[in-house]
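Working through the structure, step by step
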Amino acid sequence: LRQLRSAIQSGQLELHYQPRIDLARRKPSGFEALVRWRHPQLGLLPPAQFIPLAELSDVIRPLTLWVLDEALGQLAAWTPNSPSIHMAVNLSARHLMDDACPTQVQRLLKKHGVDPARLELEITESAIIADPERATHTLRRIHDMGVHISIDDFGTGYSSLSHLKRLPLNALKIDVSFVTHMLQNEQDAAIVESTIALAHSLGLSVVAEGIEDEGTRLRLNELGCDEGQGFLLGRPME
Ligand code: C2E
Ligand code: MG
Ligand code: MG
């Protein structure tokens, strides 16, 4: 944790970007910014090796602010050629408990001159159940600024539909674990289909994560899934 704190300041963190594809139009719709740590001794570390630890401490705050700053800067640099492309950034539970969060997001959007509607913040169900009322309050403020909000890894958490219906959401992201084997596994297929139906009836769009083959892409498109993300469409790239 001590090393991570100084790694943020000394430029050892980097972002990789994974494309998100509009499945019907077969065109890129945006990117998800995914953090990596280029550790001087240990090499390139995936987020699973340091984010869970960072989330237990306060380090997650400067880390997320660095990610937001970097990702919005990159989006602004890409803007001249692709004004309709959005950027998705993962937001940890701790930020939803923090009154300063909406102001910080607004400050970074201003700094880079990015239209709030081009930013999407991904939150997990567990981030909400910790304190649903406070999380809802913070998310309302962010959503009122025009920023989009999505639920990441949908279906893997313990949040109730009664919490979800009160949140100001734009999209559900179906977890990799349901999508990857949906053509082989009937239960996975049923979960994917009903999630798409649920999202659409609530007026939300749906993103499928973990598309690894053409058959899955075609099936998701048939089912009316709006966007896709996965190794078939593009891996996270420098
Ligand atoms: P996530 O937000 O659900 O990100 C998607 C993860 O699924 C990424 O792993 C991505 O590489 C992987 N993935 C994408 N397509 C496929 C596929 O077709 N098949 C399979 N099997 N996997 C695929 P990654 O980059 O290792 O990130 C893991 C998690 O780390 C993320 O899950 C997110 O929860 C967390 N994370 C990453 N960057 C940040 C960050 O800046 N802040 C916070 N708080 N968490 C982050
Ligand atoms: Mg995510
Ligand atoms: Mg996910």
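Because the structure is a prediction, the values reported are computed rather than measured.

About the thresholds
Residues numbered from 1 in each chain as written. Chains lettered and ligands numbered in written order. Predicted model: local features only at pLDDT ≥ 70, side-chain atom pairs only at ≥ 80, totals over all residues. Heavy atoms only, no water. Donors = N, O, S within 2.8 Å, 3.2 Å for Na, K, Ca; no water. Buried < 20%, exposed > 50% of the residue type's maximum accessible area, 1.4 Å probe, protein only. Helix = DSSP H or I, 4+ residues; strand = E, 2+ residues; numbered from the N terminus. Pairing = 2+ DSSP bridges. Near = heavy atom within 4 Å. Polar contact = N/O pair within 3.5 Å; in protein donor to acceptor, adjacent residues only side chain to side chain. Areas by Shrake-Rupley, 256 points an atom, 1.4 Å probe, with all protein chains shown as cover. 1 Å grid on protein atoms, 1.4 Å probe; cavity = no way out; pocket = protein on both sides within 12 Å on 5 of 7 lines; lining within 4 Å. Sits in = over half its atoms within 2 Å of the grid points. Nonpolar A, V, L, I, M, F, W, Y, C, P; charged D, E, K, R; others polar.

1. Considerations on the coordination of the magnesium ion (ligand 3)
Taken together, Asp152 (OD), Asp153 (OD) and Glu209 (OE) make up the full set of protein donors to the magnesium ion (ligand 3), lying 2.0 to 2.3 Å away. Written as a sequence motif, the donor arrangement for the magnesium ion (ligand 3) is D-D-x55-E. Distance-wise, the magnesium ion (ligand 2) is placed 4.3 Å from the magnesium ion (ligand 3), both being coordinated by aspartate 152. For aspartate 153, a relative accessible area of 26% translates into the label partly exposed.

2. Side note on the pairing of strand β4 (residues 86–90)
Side-chain positions along a regular strand alternate between the two faces of the sheet. With 4 of 5 residues buried, β4 lies mostly within the body of the structure. As defined by bridge partners, strand β2 (residues 27–39) adjoins β4 across 4 bridges and the pair is classed as parallel. Directly across from glycine 30, in β4, lies its bridge partner histidine 86. When β4 meets strand β5 (residues 119–124), the two strands line up parallel, connected through 4 bridges. Counterpart to methionine 87 in the pairing with β5 is leucine 119.

3. Observations concerning the site of ligand 1
Lining the immediate environment of ligand 1, one finds 22 residues, of which Glu32, Arg36, Asp152, Glu212 and Phe231 sit closest. Contacts to ligand 1 include glutamine 18, whose side-chain N or O atom sits 3.0 Å from a nitrogen atom. One nitrogen or oxygen atom from the side chain of asparagine 90 is found 3.0 Å from an oxygen atom belonging to ligand 1. Protein chains shield 81% of the accessible area of ligand 1, which is 800 Å² for the free molecule. A molecule is said to occupy a pocket when more than half its atoms come within 2 Å of that pocket's grid points, and by this definition ligand 1 occupies the largest pocket. When residues of the shell around ligand 1 are traced back to their parent elements, those giving at least two are β2, α2 (51–55) and β6 (148–154). Element by element, the count of residues in the shell around ligand 1 is highest for β2, at 4 residues. Of the residues in the shell around ligand 1, the class split is 9 nonpolar, 5 polar and 8 charged.

4. Section: the coordination of the magnesium ion (ligand 2)
Geometry sets the ideal angles at a metal, namely 109.5 degrees for four tetrahedral donors and 90 or 180 degrees for six octahedral donors. At the metal site, the magnesium ion (ligand 2) is ligated by Glu32 (OE), Asn90 (OD1), Glu122 (OE) and Asp152 (OD), and these contacts range over 1.9 to 2.2 Å. You can call glutamate 122 buried: its relative accessible area is 1%. On the accessibility criterion, aspartate 152 (7% relative accessible area) is buried.

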